[in-house]
Amino acid sequence: MLEITNLTASAGEKDILKGINLSVNAGEVHAIMGPNGSGKSTLAQVLAGHPSYEVTGGTVRFEGEDLLELAPEERAHRGVFLAFQYPIEIPGVSNAYFLRSAYNAMRVARGGDEVDPMEFLDVMEEKLKIVEMDDAMLSRSVNMGFSGGEKKRNEILQMAVLEPKLAILDETDSGLDIDALRVVAEGVNKLRRPDNAAIVVTHYQRLLNYIVPDYVHVLAGGRIIRSGTRELALELEEKGYDWLLQEALA
Amino acid sequence: MSSEIEALVGREYQYGFVTDIDADTIPPGLSEDVVRLISSKKAEPTWLLDWRLKAYRRWLTMTEPTWPNVHYPAIDYQAVRYYSAPKTAKPLGSLDDVDPTLLETYKKLGIPLNEQKMLAGVAVDAVFDSVSVGTTYKAELAKHGIIFCSFSEAVHEHPELIRKYLGSVVPYSDNFFAALNSAVFSDGSFCYIPKGVKCPMELSTYFRINAADTGQFERTLIVAEEGASVSYLEGCTAPKRSTNQLHAAVVELIALDDATIKYSTVQNWYAGDENGVGGIFNFVTKRGKAMRNAKISWTQVETGSAITWKYPSVILQGDNSVGEFYSVAVVNNMQQADTGTKMIHIGRNTKSNIVSKGISAGRGQNSYRGQVKVMPKADGARNYTQCDSMLIGNACGAHTFPYIEINNNTATLEHEASTTKIGEDQIFYLKQRGMSAENAVSMIVAGFCKEVFKELPMEFALEAQQLLGITLEGSVG
Ligand SMILES: Nc1ncnc2c1ncn2[C@@H]1O[C@H](COP(=O)(O)OP(=O)(O)OP(=O)(O)O)[C@@H](O)[C@H]1O
Ligand SMILES: [Mg+2]
């Protein structure tokens, strides 16, 4: 589904990604871990097409297409979804309107018709249940004054509404209390299907108890320095990253 | 990013056409003779001519204000034509007789004047250059005792009302542009809502500048008697021309005890091209006087004009009176706007509310200038001011000039201000959710302006959203 080969990227003068190789198949969940500042969010943003980052080399193919050639909204239309580490606030725009606009934009891009507000209410009712969110959140401005946890839950709500093929979750577990973590993780699990995939960026192996990954990768200094299975996450929790970094240097 | 945004805000001006019609136009220049000529063309009574002449003599002693934060080449007042009226076979004023060319013009502007196609629930007075060409729903309104007609007609039909109220809120000596207008004003609208009457439909005036090198100087006077209420809309457009044209209007509102006047404007005069060539110089004095328990509410969406100089204000004369000002001002390319409001608290427990949203794009410069003045007897006066600016791109500017003068220590004033740059991150977030750059920007802009747009009457909200190329939440389609 996703094939990343020798991907390098920079922001301004700074080289951040220094040759990423990663291959994700339909039905898989990949966890990406790694120290602060190692380039995890950068990878996520580059895949989604953020204009602050310049791709300096390598290729990314998504379902056979050159992903890097596509505009951010086209990538979204193809089914690439990014749950932001820091969700953005949009004053004066209600969450319901935002969600419906996104939902309709996707439908139209895929050759369908827009749904009207009444039809969309039915869609929402079901999705709100997945993230156990109160519909009062729908009438508030997008992410404005949301608590950290509410923002993350709202990202998963968007994911539930848009039903992506490839979901990239950037630290969606950070700042969540235990209950919210369970809800978010269950939400992600409910949306798992044999024909979609997820890349889950996290610092905590705890999340991986809920969302069980097929592979775990360690990103450090802009490279994937180790890949393994779920056991790797447990090992990292126990030993930290230092031993891996030492090994990588050696 | 910014090229996409600018493509959006820099939409083609749709109203820039010229109507080819024979006009009675006087030569350029201003003198007492010109003032007399305008007055005689309108067959005005002597008292009005005298008032004009006093204004003209006063104007000669005044100088153009230099304090606004706008820059423009000196205006040659002798190069302006002060009167131009379409020559029509039949007298103006009756809709049955309106010249088809003019009907066509208004149809193109989206303002159908012929009876079958009239805007439902909105009465329109159509002002073309210096004259009103027709007013719809007059008879219907007359059943309620409401007078809605052109200013010229009101001078003849209702001289006692005009004499009583003309200049009572904006005296001819008020400022340079008000004095000029008082000397040469040619037409405008007059509305009178009798005691206790709630006007059953929206009243509106549509101003169109057509003739070249001609200024438009209209006056609007709205009087709401005790307990009356009215919602009034004003729209304006002009052809695209490479020379600047002058527009200096005066609007006076009188809300007697317990009356309510809601005045909404969508100002879309030609703004000039992307290099700042052409466009309307818009110098407008708008002020209302609110008596006991009365409420005056100004809502404006200012998107046009090369230069805008405009401060719709409220004199809160009576106890418990309320003044409101909701404004969205958009500047793009080389446009400059210096706009805001004045709230003068005189009565006790008077309240004012100011919400100003400035959007600057291109090389546009947007200034908010607002005064809140609390007089010694205004016990318990309250003001809330919110003033937000949004910058689109790096070459534009936003400025705020708040003036506060408090002469009573029981007053409560709150002021909030913010400046935001339309964020790459916001746009990216919306694109990541599948929206196009255009839709992303329009959503962000609509969100920013929401508090003001919700004050606009329905018909106007639609026009405003079309103008800004944005879709309002909750609107169908
Ligand atoms: N737009 C940018 N401009 C300049 N430097 C950037 C930019 N974005 C990221 N960086 C830098 O690149 C490095 C990687 O940042 P990134 O956000 O990808 O790290 P991360 O692995 O997600 O870290 P964390 O675990 O703290 O979220 C950091 O040193 C960061 O400061
Ligand atoms: Mg990160």
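1. Side note on the interface of chain B and chain A
Step number 1: Taken residue by residue, the interface counts 21 residues in chain B and 34 residues in chain A.
Step number 2: Both faces combined, the contact of chain B with chain A buries some 2,200 Å², and carbon together with sulfur accounts for 63% of it.
Step number 3: Area buried by chain B at its contact with chain A is led by Phe-428, Tyr-429 and Arg-433 of chain B, which between them contribute 33% of it.
Step number 4: Counting the contacts that link chain B with chain A gives 1 salt bridge.
Step number 5: One salt bridge connects Arg-433 of chain B with Glu-155 of chain A, and the closest N-O pair in it is separated by 2.7 Å.
Step number 6: Here chain B and chain A share 12 residue pairs in polar contact (both at pLDDT 80 or more) between them.

2. Comments concerning the coordination of the magnesium ion (ligand 2)
Residue and element names in this part refer to chain A.
Step number 1: Protein ligation of the magnesium ion (ligand 2) involves Ser-41 (OG) and Gln-85 (OE1), the donor distances falling in the range 2.0 to 2.1 Å. Remark: Gln-85 occurs in the loop between β6 (80-83) and β7 (90-94) and Ser-41 occurs in helix α1 (residues 40-48); sequence separation between them is 44 residues.
Step number 2: By relative accessible area, Gln-85 is classed as buried at 16%.

3. Points about the sheet that holds strand β2 (residues 14-24) of chain A
Residue and element names in this part refer to chain A.
Step number 1: Pairing is antiparallel across the open sheet formed by 4 strands, whose spatial order is β2-β1-β4-β5. The sheet is open, and its two borders are formed by β2 and β5 (65-66), each paired with just one other strand.
Step number 2: Sheet topology places strand β1 (residues 2-11) next to strand β4 (residues 54-62); 7 bridges connect them, and they run antiparallel. Following the sheet pairing, Ala-9 is matched in β4 by Val-55.
Step number 3: Taken strand by strand, α1 contacts β1, β2 and β4, and its axis lies near 110° from that of β1.

4. Observations regarding empty space enclosed by the protein
All names here are of chain B.
Step number 1: For the coordinates displayed, the defined rule picks out 6 cavities of 30 Å³ or more.
Step number 2: One number sums up the size of the largest cavity: a volume of about 90 Å³.
Step number 3: Lining of the largest cavity is provided by 15 residues; of these, Ser-356, Gly-358, Asn-366, Ser-367 and Tyr-368 occupy positions nearest its centre.
Step number 4: Here the lining of the largest cavity is composed, by residue class, of 3 nonpolar, 10 polar and 2 charged.
Step number 5: The space that makes up the second largest cavity amounts to roughly 60 Å³.
Step number 6: Of all the elements in the fold, those that place two or more residues in the lining of the second largest cavity are β9 (229-237), β10 (244-255), β11 (260-267) and β12 (279-290).
Step number 7: Of the residues that constitute the lining of the second largest cavity, the class distribution is 4 nonpolar, 4 polar and 4 charged.

Scoring rules and cut-offs
Residues numbered from 1 in each chain as written. Chains lettered and ligands numbered in written order. Predicted model: local features only at pLDDT ≥ 70, side-chain atom pairs only at ≥ 80, totals over all residues. Heavy atoms only, no water. Contact = heavy atoms within 4.5 Å. Buried area = accessible area lost by both parts, 1.4 Å probe. Salt bridge = Lys/Arg side-chain N within 4 Å of Asp/Glu carboxyl O. Polar contact = N/O pair within 3.5 Å; in protein donor to acceptor, adjacent residues only side chain to side chain. Donors = N, O, S within 2.8 Å, 3.2 Å for Na, K, Ca; no water. Helix = DSSP H or I, 4+ residues; strand = E, 2+ residues; numbered from the N terminus. Buried < 20%, exposed > 50% of the residue type's maximum accessible area, 1.4 Å probe, protein only. Pairing = 2+ DSSP bridges. Axes fitted to C-alpha atoms, helices over the stretch in contact; angles between N-to-C directions. 1 Å grid on protein atoms, 1.4 Å probe; cavity = no way out; pocket = protein on both sides within 12 Å on 5 of 7 lines; lining within 4 Å. Points joined across faces, edges and corners; volume = space filled by probe spheres on them. Nonpolar A, V, L, I, M, F, W, Y, C, P; charged D, E, K, R; others polar.

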